[in-house]
Amino acid sequence: MSEVKKIKKGLDIKLAGKAEKVLEKADRSETYAIKPSNFPGLTPKLKVKVDAEVKAGDSLFFDKYCPEINFASPVSGKVIAVNRGERRKILEVVIQADAETQYQEFKKADPNVLSREEIKEELLKSGLWAFVRQRPYDVIAKPEDTPKAIFVSAFDTAPLAADIDFLLENEAAAFQAGLDALAKLTDGKLYLNTNPNLNQSKTFSGAKNVEIRQFTGVHPAGNVGVQIHCISPMNKGEVAWVIRPQEVVFIGRLFTKGIYDVSRKIALCGSEVKTPCYFETILGASVRNILKGKLKDDEKIRVISGNVLTGEQISEDGFLNFYDSQITVIPEGDKFEFLGWALPGLQKFSMSKTFFSWLTPNKEYRLDANLHGEHRAFVMTGEYDKVLPMDVLPQQLVKSIMIEDIDQMEQLGIYEVAPEDLALCEFVCTSKINVQDLVRKGIDLMIKEMS
């Protein structure tokens, strides 16, 4: 076992409403949706029309520029809508689910006896390849590449993040089968990064075909980008692949059951949830039945698919995003506060000692979505450096993206970062800069230049 790497730079945002390890059942969702917007850089081409009947695992659309990458239906049923936005951009493919799921059948086999090409073929055909993402650029991995290594982060340090040990309870066999398949896809190592304080399950400690590395510390210690930076930093021309533990389980189920089974546990959390807990659902489910009867009624709320730093706001009739394992509900915060900056701020969270709340470091806060200020001049303050544990100059990198200076972006570490890695920079930014949007813009520019 390797030594424990402690991440010191960063910030834990202590929010009220962490999910208790109680698994509840919600009514089965009537509709499910796959959203192309969940996949940066994707140009989708439809394979189905409205009223088409599909099984779980049937392809709904594919990548125009990499046609072998399919995106599958999570359930069986009828395609009832293809919702489009401006310039006929596909926003959602919506399926009305059958009462009982019918599965498309795939090859059932032990990954250890399959070749790399056979494993790739099954992942591409089934739609599970979409879960394998690459660094640099934080996009779906290219099947023709061979990564220098594959990384799996077994813990999440984001605010109110789901307990991954609990998510993978009773899934040890499928998880190991998924690891066996992934190990065949690289000539390098398959890294399983754990936290000795959070990962107590034998699912991780007993994993085979992996090299286990240990990390502790404040958020973003659980971000796979930070872990890659500590283990094997990205250089120009190199490719690494990343995947999350529940997604490893999906791959394992493909080879042990021969079906596209993307049922999963998710955390329903946040200060506006009456009893935060876990639910079992299926990828892409409508959140309506999960939220039903669970929310407080005292004010306007914001429902987020994902965590408060990197998640996406959805409606109460919206759908769970492709990669998310939590739904967070917080106050909207659209109230005006007169001279709020001049008050002691005992109920306000601050990274600095601006408010007296710093006297209670373990207090949990009921934070809202209010920006608490307007956009200001973007000046150097050193705030970003305090929350980014990477050898990157974040403010200089963001400014080089703003002026679209490709050479400077390369020199300042654009290959190292994904938007989620700079989410805390956005949170602490006094200039109210949309840092994650800018990082994605810079990555898209790099992809365009390199193509």
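Since we're looking at a predicted model, the values are computed, not measured.

Conventions adopted
Residues numbered from 1 in each chain as written. Predicted model: local features only at pLDDT ≥ 70, side-chain atom pairs only at ≥ 80, totals over all residues. Heavy atoms only, no water. Buried < 20%, exposed > 50% of the residue type's maximum accessible area, 1.4 Å probe, protein only. Helix = DSSP H or I, 4+ residues; strand = E, 2+ residues; numbered from the N terminus. Pairing = 2+ DSSP bridges. Polar contact = N/O pair within 3.5 Å; in protein donor to acceptor, adjacent residues only side chain to side chain. Contact = heavy atoms within 4.5 Å. Core = buried A, V, L, I, M, F, W, Y, C linked by side-chain atoms within 4.5 Å. Expected span 1.5 Å × (residues − 1). Phe/Tyr/Trp six-rings, centres within 6.5 Å; stacked < 30°, edge-to-face > 60°. Lys NZ or Arg CZ within 6 Å of the ring centre and 35° of its normal. Axes fitted to C-alpha atoms, helices over the stretch in contact; angles between N-to-C directions.

Here we look at the pairing of strand 18 (residues 301-305)
Link 1 in the chain: Counting buried positions over the five residues of strand 18 gives four, a clear majority of the element.
Link 2 in the chain: The pairing of strand 18 with strand 20 (residues 326-331) spans five bridges and is classified as antiparallel. Among the inter-strand pairings, Ser 305 is bridged to a residue of strand 20, identified as Ile 327.
Link 3 in the chain: Where strand 18 hands over to strand 19 (residues 312-314), the hairpin turn is made up of six residues, of which Gly 306 adopts a positive phi near 110°.

Quick word on the side chain of Asn 195
Link 1 in the chain: Relative to the helices and strands, Asn 195 is located in the loop between strand 13 (189-194) and helix 4 (202-205).
Link 2 in the chain: A polar atom in the side chain of Asn 195 sits 3.3 Å from the backbone oxygen of Phe 215.
Link 3 in the chain: Look past the residues within four positions of Asn 195 in its chain and what remains in contact with it is Phe 155, Phe 215 and Thr 216.

What about the nonpolar core?
Link 1 in the chain: Core analysis: the biggest nonpolar cluster contains 108 residues, and Phe 39 and Phe 131 have the highest contact counts within it.
Link 2 in the chain: Apart from residues no more than four positions distant in its own chain, Phe 39 is found in contact with Ile 34, Phe 61, Phe 71, Ala 130, Ile 140, Phe 322 and Tyr 323.

Notes on helix 3 (residues 172-183)
Link 1 in the chain: In this model, helix 3 (twelve residues) spans 16 Å end to end at C-alpha, consistent with the 16 Å of a helix rising 1.5 Å per residue.
Link 2 in the chain: Of all twelve residues making up helix 3, nine are buried, and the element is well covered by its neighbours.
Link 3 in the chain: Listing the buried residues of helix 3 in full gives Ala 174, Phe 175, Gln 176, Ala 177, Gly 178, Leu 179, Asp 180, Ala 181 and Leu 182.

A closer look at the packing of aromatic side chains
Link 1 in the chain: For the structure shown, the criterion picks out 16 aromatic pairs.
Link 2 in the chain: Between Phe 151 and Tyr 191, the aromatic rings sit 5.0 Å apart at their centres with planes inclined by 10°, giving stacked as the arrangement. Of this pair, Phe 151 sits in strand 12 (residues 149-153) while Tyr 191 sits in strand 13, and the two are 40 residues apart along the sequence. Each member of the pair, Phe 151 as well as Tyr 191, carries the same accessibility label: buried.
Link 3 in the chain: Aromatic pair Phe 322 and Tyr 323: ring centres 5.0 Å apart, planes at 85°, arrangement edge-to-face.
Link 4 in the chain: Overall, Phe 322 belongs to the buried group, its relative accessible area being 3%.
Link 5 in the chain: Tyr 323 gets classed as buried once you look at its relative accessible area, which sits at 8%.
Link 6 in the chain: Positioned above the aromatic ring of Tyr 323 is the side chain of Arg 133, whose terminal nitrogen or guanidinium carbon lies 4.1 Å from the ring centre.
Link 7 in the chain: For Lys 265, the ring lying beneath its charged end belongs to Phe 166, and the centroid distance is 4.7 Å.

With respect to the sheet that holds strand 6 (residues 59-63)
Link 1 in the chain: In spatial order, the strands read 4-6-7; together these three strands make up an open sheet with antiparallel pairing. At either margin of the open sheet sits one strand with a lone partner, and together these are strand 4 (44-46) and strand 7 (66-72). Direction aside, neighbouring strands of the sheet carry axes that sit 35° apart on average.
Link 2 in the chain: In the sheet, strand 6 pairs with strand 7 via four bridges, with the strands oriented antiparallel. Among the inter-strand pairings, Ser 59 is bridged to a residue of strand 7, identified as Ala 72.

Nothing here speaks to function; it is all geometry.
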